[in-house]
Amino acid sequence: MKKLKEMKAWKKLTILAASVLIIAGIIIGGWFLFIQLPFLSYTDGFEKTINLFDEEQYEKKVDDVTLEVHLPHFLGNDGFLAVRCGSFSAVVSEDGSYKYPDTADISLFVWPRASGKVEYGLSIDKPKDEVSGSSTIQFTALDNGKYDIKHEFTDDNIIKVYNENEESIQRMLKAIDEIWSFDGIKDVSDGFKILNSEQKK
């Protein structure tokens, strides 16, 4: 402590600046390694697009299912994956009224974390019947290639739409299993490979 008190002001400022830079480097490096790189790995084979909110995202079509990767913002943990099924569009009639599609719009959201924990959420929207709801879900793969799905929907109308579309939801879960592995170390390694290939372009 005595040495620190006797140290000249510029030396103290130099030590402080170096400490701040080291801490900032650790934070940025940790975010890049454990959040950004895994999300980059999820974009393998996807096409970069601009969504309706003028934000970059990555997309891939598998039959009637669209898979999306939304990268986290700098130093954020707000990245997510989405799997969507449905038309997501309404037609405006000549009289100004809206004609909604008969099918429900279904979105399955995935929030992978560096800890290895993956959270899933399901959103169901059927404007024609004025039905809308969302729930976290958990699922287990069965031997027959299907999934046992647990949801928290309580509204009878939502449950009815869910039951009508369970086959589509099963396909969406299968697409997730076939496209992404959520293997922490492998995801970081694959993210490095994608980063290197993008820099070579």
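Below you will find a few notes about this structure.

Analysis parameters
Residues numbered from 1 in each chain as written. Predicted model: local features only at pLDDT ≥ 70, side-chain atom pairs only at ≥ 80, totals over all residues. Heavy atoms only, no water. Helix = DSSP H or I, 4+ residues; strand = E, 2+ residues; numbered from the N terminus. Rg over C-alpha atoms; globule rule 2.2 N^0.38 Å. Buried < 20%, exposed > 50% of the residue type's maximum accessible area, 1.4 Å probe, protein only. Contact = heavy atoms within 4.5 Å. Lys, Arg positive; Asp, Glu negative; His and termini not counted. Charge placed at Lys NZ, Arg CZ, Asp CG, Glu CD. 1 Å grid on protein atoms, 1.4 Å probe; cavity = no way out; pocket = protein on both sides within 12 Å on 5 of 7 lines; lining within 4 Å. Points joined across faces, edges and corners; volume = space filled by probe spheres on them. Nonpolar A, V, L, I, M, F, W, Y, C, P; charged D, E, K, R; others polar. Salt bridge = Lys/Arg side-chain N within 4 Å of Asp/Glu carboxyl O. Pairing = 2+ DSSP bridges. Axes fitted to C-alpha atoms, helices over the stretch in contact; angles between N-to-C directions. Core = buried A, V, L, I, M, F, W, Y, C linked by side-chain atoms within 4.5 Å. Expected span 1.5 Å × (residues − 1). Polar contact = N/O pair within 3.5 Å; in protein donor to acceptor, adjacent residues only side chain to side chain.

**Some points on the overall build of the protein chain**
Then, number 1: Counting its regular elements, the protein chain contains five helices and 10 strands.
Then, number 2: Relative to the 2.2 N^0.38 estimate, which gives 17 Å for 201 residues, the radius of gyration of the protein chain is 23 Å and therefore markedly larger than a compact globule would have.
Then, number 3: Split into buried and exposed, the 201 residues of the protein chain put 34% on the buried side.
Then, number 4: Sequence-distant contacts in the protein chain: of pairs separated by 6 or more residues, those separated by 24 or more amount to 44%.
Then, number 5: Side chains of the protein chain carry 24 positive and 33 negative charges; the gap between the two charge centres is 15 Å.

**What about the layout of surface pockets?**
Then, number 1: Roughly 270 Å³ of internal volume is contained in the largest pocket.
Then, number 2: Thr 49, Ile 50, Asn 51, Leu 52, Phe 53, Glu 55, Gln 57, Glu 59, Glu 68, His 70, Phe 80 and Arg 84 are the residues that line the largest pocket.
Then, number 3: For the lining of the largest pocket, the secondary-structure elements that each account for two or more residues are strand E1 (47–50), strand E2 (56–62), strand E3 (65–70) and strand E4 (80–85).
Then, number 4: Of the residues that constitute the lining of the largest pocket, the class distribution is four nonpolar, four polar and four charged.

**Observations concerning the pattern of salt bridges**
For side chains of opposite charge, pairing can occur when their charged atoms come near one another.
Then, number 1: Considering all chains together, one arrives at 12 salt bridges under this definition.
Then, number 2: Glu 68 serves as the salt-bridge partner of Arg 84, at 3.0 Å between the closest nitrogen and oxygen. One end of the pair, Arg 84, is in strand E4; the other, Glu 68, is in strand E3, and 16 residues separate them in sequence.
Then, number 3: Close ionic contact of Lys 193 with Asp 190 constitutes a salt bridge, the shortest N to O distance being 3.9 Å. With a gap of three residues between them, Lys 193 and Asp 190 both fall in helix H5 (residues 184–200), about one helical turn apart.
Then, number 4: The structure contains a network of salt bridges with shared partners spanning Lys 126, Asp 129, Lys 160 and Glu 164.

**What about the sheet that holds strand E7 (residues 105–112)?**
The pairing of strands in a sheet happens through backbone hydrogen bonds and is either parallel or antiparallel.
Then, number 1: Reading across from one edge, E1-E2-E3-E4-E7-E8-E9-E10 is the order of the eight strands in this open sheet, with antiparallel pairing throughout. If you trace the sheet from one side to the other, it starts and ends with E1 and strand E10 (147–151), each paired once. The mean inter-strand angle of the sheet, taken between neighbouring strand axes irrespective of direction, is 30°.
Then, number 2: With four bridges joining them, E1 and E2 adopt antiparallel strand pairing. From the neighbouring strand, Thr 49 faces E2, where its bridge partner is Gln 57.

**Side note on the nonpolar core**
Then, number 1: In terms of nonpolar packing, the biggest core is built from 33 residues, with Leu 122 and Trp 180 touching the most fellow members.
Then, number 2: At five residues, helix H4 (residues 166–179) tops the list of elements feeding residues into this core.
Then, number 3: Each residue touching Leu 122, except ones within four places of it in the same chain, is listed here: Ile 106, Ser 107, Leu 108, Gly 133, Ser 134, Ser 135, Ile 137, Phe 153, Tyr 162 and Ile 169.

**A few points about H4**
Then, number 1: With 14 residues, H4 extends 20 Å between its outermost C-alpha atoms, agreeing within 8% with the 20 Å of an ideal straight helix rising 1.5 Å per residue.
Then, number 2: All of the buried residues in H4 are Ser 168, Ile 169, Gln 170, Met 172, Leu 173, Ala 175 and Ile 176.

**Topic: the pairing of strand E9 (residues 131–141)**
Then, number 1: Here strand E8 (residues 118–126) pairs with E9 via seven bridges, running antiparallel. Note on E9: the bridge partner recorded for Lys 126 is Val 131.
Then, number 2: Hairpin connection between E8 and E9: a loop of four residues separates the two successive antiparallel strands, and Glu 130 in this loop has a positive phi of roughly 55°.
Then, number 3: When E9 meets E10, the two strands line up antiparallel, connected through five bridges. Across the sheet, Gln 138 pairs through a bridge with Lys 150, a residue of E10.
Then, number 4: In this antiparallel pair of consecutive strands, E9 and E10, the connection spans five residues, and Gly 145 shows a positive phi of 85°.

**Let's talk about the side chain of Asn 51**
Then, number 1: Of note, Asn 51 is situated in the loop between E1 and E2.
Then, number 2: Its relative accessible area of 16% is what places Asn 51 among the buried residues.
Then, number 3: A distance of 3.1 Å separates the side chain of Asn 51 from the side chain of Gln 57, its partner in a polar contact.
Then, number 4: When sequence neighbours within four positions are dropped, the list of residues in contact with Asn 51 reads Gln 57 and His 70.

Note that all results are geometric; they support no functional claim without further evidence.
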